[in-house]
Amino acid sequence: MLEIKHTDDGKKGEFYIGDNHQPLAEMVYSWAGESVFIIEHTDVADPLRGQGVGNKLLDRAVAMAREKNLKIIPLCPFAKSVFDKDPSIHDVLK
């Protein structure tokens, strides 16, 4: 199983798999105030494509939003498409 790691410096953050300098998959976000973050970009390397890795990264972002009572603005086309299709995560949608 692939371990999803998380970094956050208070301005930007990311959920990623692999090395944070050369991740195999990443979902990058930035903060828009204290209770909202914007998913800006999702990328999954070719060897991991088709395995639902992007969804797993988004699941972690949604879990963090729920745990910390945050809202998400999905500007990333991938994240936006998942939010558009899955009403079960609209509770964290800004």
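The rules behind these values
- Residues numbered from 1 in each chain as written.
- Predicted model: local features only at pLDDT ≥ 70, side-chain atom pairs only at ≥ 80, totals over all residues.
- Heavy atoms only, no water.
- Phe/Tyr/Trp six-rings, centres within 6.5 Å; stacked < 30°, edge-to-face > 60°.
- Buried < 20%, exposed > 50% of the residue type's maximum accessible area, 1.4 Å probe, protein only.
- Helix = DSSP H or I, 4+ residues; strand = E, 2+ residues; numbered from the N terminus.
- Arc of directions from axis to C-beta.
- Contact = heavy atoms within 4.5 Å.
- Pairing = 2+ DSSP bridges.
- Axes fitted to C-alpha atoms, helices over the stretch in contact; angles between N-to-C directions.
- Salt bridge = Lys/Arg side-chain N within 4 Å of Asp/Glu carboxyl O.

Asker: Teacher, can you tell me more about the packing of aromatic side chains here?
Answerer: When we look at a pair of aromatic rings, we describe it by the centre distance and by the angle of the planes. This model, assessed by the stated rule, comprises four aromatic pairs. Where Y29 meets W31, the ring centres are 5.9 Å apart and the plane angle is 85°; that geometry is what we call edge-to-face. The class of Y29 is buried, set by a relative accessible area of 1%. On the basis of relative accessibility, which here comes to 23%, the residue W31 falls in the partly exposed class. Among the aromatic residues, those joined into a ring-pair cluster are F15, Y29, W31 and F37.

Asker: Looking at this model, I keep getting lost on helix α2 (residues 77-85). Mind explaining?
Answerer: Residues three or four positions apart in an α-helix share a direction because the helix packs 3.6 residues into each turn. What α2 keeps buried is the set A79, V82 and F83. Along α2, the residues classed as buried sweep out an arc of 100° about the axis, all on the same side. Opposite its buried face, α2 presents the exposed residues P77, D84 and K85, each directed more than 90 degrees away. Taken together, the buried residues of α2 touch β4 (36-44), α1 (53-67) and β5 (71-74).

Asker: Help me understand the side chain of T42 in this model?
Answerer: With respect to the helices and strands, the residue T42 is situated in strand β4. Apart from residues no more than four positions distant in its own chain, T42 is found in contact with E26, M27, C76 and F78.

Asker: Whenever I open this one, the sheet that holds strand β3 (residues 22-31) confuses me. Can you help?
Answerer: Strand pairing in a sheet relies on backbone hydrogen bonds, with the paired strands running either antiparallel or parallel. Strand order in the open sheet formed by five strands is β1-β2-β3-β4-β5, with mixed pairing between adjacent strands. Only two strands of the sheet have a single neighbouring strand rather than two, namely β1 (5-8) and β5. On average, adjacent strands in this sheet sit at an angle of 25° to one another, irrespective of strand direction. Here strand β2 (residues 12-19) pairs with β3 via eight bridges, running antiparallel.

Asker: Can you help me understand the pattern of salt bridges in this one?
Answerer: Pairing is possible between side chains that carry opposite charge, provided their charged atoms lie close to one another. In the structure shown here, the tally under the stated rule is five salt bridges. Measuring nitrogen to oxygen at the nearest pair gives 3.1 Å for the salt bridge that ties D84 to K80. One end of the pair, D84, and the other, K80, are both in helix α2, four residues apart, so they sit about a helical turn from each other. Judged by relative accessible area, K80 falls into the partly exposed class, the value being 41%. By sharing partners, the salt bridges in this structure join D43, D46 and R49 into a single network.

Asker: Where do I start with the environment of T42 in this structure?
Answerer: Accessibility expressed as a relative area gives 17% for T42, which makes it buried. For the pair T42 and V53, spaced 11 residues apart in sequence, the C-alpha to C-alpha distance is 10 Å.

So, to be careful, I would describe these as geometric facts and stop short of saying anything about function.
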